[in-house]
Amino acid sequence: MKLWGGRFESGPSEVFERFSNSLAFDRRLLDADVRGSQAFARSLARAGVLTGEECERIVAAFDAIAADAKNPAYFGGADDEDVHTFVIRKLKERVGGLADKIHTGRSRNEQVSLDTRLWLRDECDRARELLAGLMRALLDLAAKYPNAIIPGYTHLRRAQPVLWPHYLLAYFEMFARDHERFGDARRRTDVMPLGSGALAGSGFPHDREAIARDLGFAAITRNSMDVSADRDFALDYLYAASTAMLHLSRLAEDWILYSSEEFGWMELGDGVTSGSSLMPQKKNPDSLELIRGKSGRVAGALTSLMFTIKGLPMTYNRDMQEDKRPLFEAADEVNGSLEMARVVAESVVLRESVPAAAADESWVIATDLAEALARNGTAFHQAHQLAGKLVLESVRSGKKPGDWNAESLAAFAPEFTPDMARYLDPREGMKTREIAGGTGPRAVATALEEARARLAKLT
Ligand code: ARG
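All values derive from a computational prediction rather than experimental measurement. Along every chain, residues carry numbers that run from 1 in the direction the sequence is written. Local features in this predicted model are restricted to residues whose pLDDT is 70 or higher, and side-chain atom pairs enter the listing and the counts only when it is 80 or higher, whereas totals over whole chains, interfaces and linings include all residues. Side-chain figures throughout are based on the complete set of non-hydrogen atoms in the structure, without hydrogens or water.

(A) The site of the ligand, seen in detail. With respect to spatial proximity, the complete set of residues near the ligand consists of Ser22, Asp82, His84, Arg108, Asn109, Val112, Tyr316, Gln321 and Lys324. Any pair of nitrogen or oxygen atoms within 3.5 Å is treated as a polar contact; in protein, a donor-acceptor pairing is required on top of that, and neighbouring residues in sequence qualify only through side-chain atoms on both sides. Asn109 places a side-chain nitrogen or oxygen 3.1 Å from a nitrogen atom of the ligand. Contact distances for the ligand include 2.5 Å between an oxygen atom and a side-chain N or O atom of Tyr316. The protein chains shown are the only cover counted for residues, whose accessible areas, like all others here, come from Shrake-Rupley with a 1.4 Å probe. Out of a free accessible area of 340 Å², the ligand has 86% covered by protein chains. Only runs of H or I of at least four residues qualify as helices and only runs of E of at least two qualify as strands under DSSP, and these elements are numbered from the N terminus. With 3 residues, the single largest contributor to the shell around the ligand is helix H6 (residues 108–144). The residue makeup of the shell around the ligand, split by class, is 2 nonpolar, 4 polar and 3 charged. Here a residue is near a molecule or strand as soon as one of its heavy atoms is found within 4 Å of it. The residue classification treats Ala, Val, Leu, Ile, Met, Phe, Trp, Tyr, Cys and Pro as nonpolar and Asp, Glu, Lys and Arg as charged. All others, Gly included, are polar.

(B) Examining unusual backbone geometry more closely. Omega for the peptide link from Met314 to Thr315 comes to 0 degrees, which places this bond in the cis form. Tracing the sequence through the fold places Thr315 in the loop between helix H11 (286–309) and helix H12 (324–347). Located in the positive-phi region is His155, a residue other than glycine, with phi close to 55 degrees. Looking at the element boundaries, His155 is found in the loop between strand S1 (149–154) and strand S2 (157–163). In this scheme, a residue with accessible area under 20% of its type's maximum is buried, one over 50% is exposed, and one in between is partly exposed, where area comes from a 1.4 Å probe on protein chains only. We classify His155 as exposed; its relative accessible area is 73%. A positive phi angle, near 55 degrees, is found at Leu156, a position not held by glycine. Relative to the elements of secondary structure, Leu156 occurs in the loop between S1 and S2.

(C) How the structure looks around the packing of helix H7 (residues 164–189) against helix H18 (residues 441–458). Closest axis-to-axis distance for the H7/H18 pair is 11 Å, and the angle between their directions is 30 degrees. Classified by the angle their axes make, H7 and H18 are roughly parallel. The chirality of how H7 crosses H18 is left-handed. Residues Pro165, His166, Leu169, Phe172, Glu173, Ala176 and His179 of H7 form the contact with H18, whose own contacting residues are Val444, Ala447, Leu448, Ala451, Arg454, Leu455 and Leu458. Class assignment for the residues of the contact of H7 with H18 results in 10 nonpolar, 2 polar and 2 charged. Helix axes use the C-alpha atoms of the stretch in contact, all axes being lines fitted to C-alpha atoms, and the angles between their N-to-C directions lie in the range 0 to 180 degrees. The cut-offs work like this: below 35 degrees is roughly parallel, past 145 is roughly antiparallel, 65 to 115 is roughly perpendicular, and the gaps in between are oblique. In this scheme the crossing of two helices becomes right-handed for a clockwise turn of the near helix relative to the far one and left-handed for an anticlockwise turn of less than a right angle. By definition, residues are in contact when any of their heavy atoms lie within 4.5 Å.

(D) Focus on the pattern of salt bridges. Here, a salt bridge means any side-chain nitrogen of Lys or Arg that lies within 4 Å of a carboxyl oxygen of Asp or Glu. One pass over the structure, following the stated rule, counts 39 salt bridges. With a closest N to O distance of 2.9 Å, Glu173 and Arg454 form a salt bridge. Here Glu173 is found in helix H7, whereas its partner Arg454 is found in helix H18, with 281 residues between them in sequence. By relative accessible area, Arg454 is classed as partly exposed at 36%. Here Glu333 makes a salt bridge to Lys294, at a shortest N to O gap of 3.0 Å. Residue Glu333 is found in helix H12, and its partner Lys294 is found in helix H11; the two are separated by 39 residues along the sequence. Overall, Lys294 belongs to the partly exposed group, its relative accessible area being 25%. Each of Asp80, Arg89, Lys90 and Glu93 takes part in salt bridges that share partners, so that together they form one network.

(E) Region of the structure containing H18. For a helix, the expected span equals 1.5 Å multiplied by the residue count minus one. Over its 18 residues, H18 runs 26 Å from end to end, which matches the ideal 26 Å to within 8%, given 1.5 Å per residue. Buried within H18 are the following residues: Ala443, Val444, Leu448, Ala451 and Leu455. Seen along its axis, H18 keeps its buried residues to an arc of 135 degrees; they face one direction. Summarising the geometry of H18, the exposed residues directed more than 90 degrees from the buried face are Arg442, Glu449, Ala456 and Lys457. Each C-beta atom gives one direction from the helix axis, and the arc is the one those directions make.

(F) Spatial organisation of a nonpolar patch on the surface. Where nonpolar side chains cluster on the molecular surface, the patch consists of Leu199, Met225 and Met314 and spans about 280 Å² of accessible area. Its place among the elements puts Met225 in helix H9 (residues 224–229). Residue classification places Met225 among the partly exposed residues on the basis of a relative accessible area of 36%. Residues qualify for a patch when their relative accessible area is over 30% and they have no salt bridge, like charges being joined within 9 Å and the nonpolar side chains of Val, Leu, Ile, Met, Phe, Trp and Tyr within 5 Å.

(G) Quick look at the packing of H6 against H18. Interaxial distance between H6 and H18 falls to 11 Å at its minimum, and their mutual angle equals 155 degrees. The orientation of H6 relative to H18 falls into the category roughly antiparallel. Note that H6 runs across H18; the crossing there is left-handed. The segment H6 lies against H18, with Ala132, Met135, Arg136, Leu139, Asp140, Ala142 and Ala143 engaging Leu448, Ala451, Arg452, Leu455 and Leu458. In terms of residue class, the contact of H6 with H18 is built from 9 nonpolar, no polar and 3 charged.

Here's what the structure looks like:
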């Protein structure tokens, strides 16, 4: 069945049909298409195009179609152009000629916008739920080791000591922003396009606000041409998904490193790692590697849709059908990765002594010493030089911070007063960083509490 054809003398070539058919993937929108079509039928009834009884028959038939479609076999052998055509054919099978009225003044251009919005609105909620789950797992992992110390890195070189919860809270912030971004995407998706027609606005007196209420939309779109041309809401979602995947990918990269023999800080659960078919000793972080790998595909989906939209003349062009596969793929990958990351986080065991020793053995306290000198009146540049010289001397003679004490420091340079020796211990320097957002133990405890409260409000 075709929703057009009157103007044609012969049908489409088999090659073109195969080439342009989207049912194989846009059938995923069937539920949305049915819900949207039911609301449209009710609107047609309000506009006097359908009688109340006709509308009821159509709505009931749609319910039956949605129920039947739960069985994948329902689509077996269907060669309809797209999901919208498929659904109307099924309606026709159930209500006969009455089905010919359902598309009164409606265009698939607005219909596909509506369906995608209905589907995507739920996906935004789903991503936000999964993000909240991961954020909770990070807070739980922080709470398991509230006092653990790790070296923080810049350039992947040991930089300054930080608390393990402080490190995890950095990711909490990233995911909190992702949560907001999915919320923004949802807000722009949550606008009802029906009544726009193909591009010029419907010729029938729909109460568009009533359709919006019926489908739970927050607002109606303001321009019919914009409706046919617009996929910004999909791009917003894809950007939110891509950014979340970047964050997941960086977390994955960290934990792949931290769980390596070289770092040896953490153990990933058996349940999220794989062995080797040849090397019996291997325990590989495949779950994290796959998250890192999938992040590229989601960024690809964003790029793909941007390039599809770029240069399209107003308004609808069939190119726009190519929005679906990137959207569906991105949704599957971001949802899967968020869930996987949560399960990995739940499995992590931190070997506290290893990063603590890494912090003790390296010169991550050099900044603390320089700042102590500066607080005591040495200009910071001179203080930096002095601490740098101390590190150089120590590197030459193979000394660690713990090999120094108040006397030997004072002997090295008189600017080092006895009380400064305590900064040889990384825990002491951290106490000077009680500034909001810093790694001071009290600041971190407060940040953790606040994070719990923020999370509770999200869910
Ligand atoms: N399958 C089409 C899509 O996904 C639906 C809209 C078709 N509109 C049209 N004018 N051919 O974009």
